[in-house]
Amino acid sequence: MTITRVEDLPPDEREDAHGINLLLDEPPRELSVRLTEVSTAIQEVRRAYASALCPALEEIARTIRALRDAGLIDQDGKPTQPRNRPAWQSPYGPPPRRR
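1. Focus: the overall build of the protein chain
Next up, step 1: Check the secondary structure of the protein chain and you find 1 helix and 2 strands.
Next up, step 2: A total of 99 residues make up the protein chain; the buried ones form 7% of that total.
Next up, step 3: For the protein chain, the proportion of contacts with a sequence separation of at least 24, taken over those separated by at least 6, is 11%.

2. Focus on the pattern of salt bridges
Next up, step 1: Enumeration according to the criterion identifies 1 salt bridge in this entry.
Next up, step 2: The shortest N-O distance in the salt bridge between R62 and E59 comes to 2.6 Å. Taken together, the residues R62 and E59, both in helix α1 (residues 28–69) and 3 residues apart, mark about one turn of the helix.
Next up, step 3: On the accessibility criterion, R62 (42% relative accessible area) is partly exposed.

3. Points about the confidence of the model for the protein chain
Next up, step 1: Across the protein chain, pLDDT averages 77, with 61% of residues at or above 70.
Next up, step 2: Element-level pLDDT for the protein chain is lowest in strand β1 (residues 3–8), with a mean of 55, against a maximum mean of 90 in α1.

4. What to know about α1
Next up, step 1: Between its terminal C-alpha atoms α1 stretches 58 Å, which fits the 62 Å expected from 42 residues at 1.5 Å a residue.
Next up, step 2: L53 marks the point of greatest bend in α1, at about 30°, and the proline P55 comes within the next four residues.
Next up, step 3: At the C-terminal side of α1, G71 shows a positive phi close to 80°.

About the criteria used
- Residues numbered from 1 in each chain as written.
- Predicted model: local features only at pLDDT ≥ 70, side-chain atom pairs only at ≥ 80, totals over all residues.
- Heavy atoms only, no water.
- Helix = DSSP H or I, 4+ residues; strand = E, 2+ residues; numbered from the N terminus.
- Buried < 20%, exposed > 50% of the residue type's maximum accessible area, 1.4 Å probe, protein only.
- Contact = heavy atoms within 4.5 Å.
- Salt bridge = Lys/Arg side-chain N within 4 Å of Asp/Glu carboxyl O.
- pLDDT = per-residue confidence, 0-100.
- Expected span 1.5 Å × (residues − 1).
- Bend = angle between axes of the 7 residues up to and from the residue.

Here you go:
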């Protein structure tokens, strides 16, 4: 398929929402067949991605449920307990040594 001309029409002459007409050099039947082939290919790619991603997403969901059931995260996925660090350690690192 070769696009021979693209027109950007004024708003009052637009036939569709985008206002661009594609004038094609092949009959509509061939275009219809090609669009059907593209649509079929897109659906095949979608199915392939879905079949590959679903098991991984199900495993992630199981892990999140297990963390919630154990009380380690809340409904928003945030930790329910403070970070475990030694009492002497501050968020800014260990205290400076005196000489």
